[in-house]
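Remarks on the overall topology
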Amino acid sequence: MNEFFEAQFKMLERGIVATPNSREDLEAFAKSNQGSMDILLMQMAINFGYKMALENAKEELEKENLKWQKEI
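Remember, it's a predicted structure, so these values are computed and weren't measured experimentally.

Rules of the game
Residues numbered from 1 in each chain as written. Predicted model: local features only at pLDDT ≥ 70, side-chain atom pairs only at ≥ 80, totals over all residues. Heavy atoms only, no water. Core = buried A, V, L, I, M, F, W, Y, C linked by side-chain atoms within 4.5 Å. Buried < 20%, exposed > 50% of the residue type's maximum accessible area, 1.4 Å probe, protein only. Helix = DSSP H or I, 4+ residues; strand = E, 2+ residues; numbered from the N terminus. Contact = heavy atoms within 4.5 Å. pLDDT = per-residue confidence, 0-100. Expected span 1.5 Å × (residues − 1). Axes fitted to C-alpha atoms, helices over the stretch in contact; angles between N-to-C directions. Parallel < 35°, antiparallel > 145°, perpendicular 65-115°, else oblique. Nonpolar A, V, L, I, M, F, W, Y, C, P; charged D, E, K, R; others polar.

Take the nonpolar core next. Residues Val-17, Leu-26, Leu-41, Met-44 and Phe-48 constitute the largest nonpolar core, which totals five residues. Looking at this core element by element, the count peaks at three residues for helix α3 (residues 38-71). Here Phe-48 is in contact with Thr-19, Pro-20, Asn-21, Ser-22, Arg-23 and Leu-26, once residues within four sequence places are set aside.

Spelled out as structure tokens, the structure:
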């Protein structure tokens, strides 16, 4: 699973459209572009949402793994 997550995070880093590191970065870009390049902003938001989902899934799997290891 770790290999999967790492591959997905690398894919987000190498895309044509940059994936924002944080919600604040995304909001700053949205504010600064003043409505131009909305398609770019939309793709950045999609990438950021996917990144958040991956981070949440990875965190939950790590929690479950820790619980499983304690039971052994």
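Having seen the structure, we can now continue with the description.
For the chain, the mean per-residue pLDDT works out to 85, and 99% of the residues sit at or above 70. When pLDDT is averaged over each element of the chain, α3 comes out on top at 89 and helix α1 (residues 2-14) at the bottom at 83.

Every α-helix winds through 3.6 residues per turn, so residues three or four apart in the chain are directed the same way. With 34 residues, α3 extends 50 Å from end C-alpha to end C-alpha; this agrees with the ideal 50 Å at 1.5 Å per step. Along α3, the residues classified as buried are Leu-41, Met-44, Asn-47, Phe-48, Lys-51, Leu-54 and Lys-58. Each element contacted by the buried residues of α3 is listed here: α1 and α2 (23-33).

Two elements in contact, α2 and α3, have axes whose closest approach is 11 Å; the angle formed by their N-to-C orientations is 175 degrees. The pairing of α2 with α3 is recorded here as roughly antiparallel in orientation. Residues Arg-23, Leu-26, Phe-29, Ala-30 and Asn-33 of α2 touch α3, and the partners they reach there are Leu-40, Leu-41, Met-44, Ala-45 and Phe-48. Here the contact of α2 with α3 is built from residues that sort into eight nonpolar, one polar and one charged.

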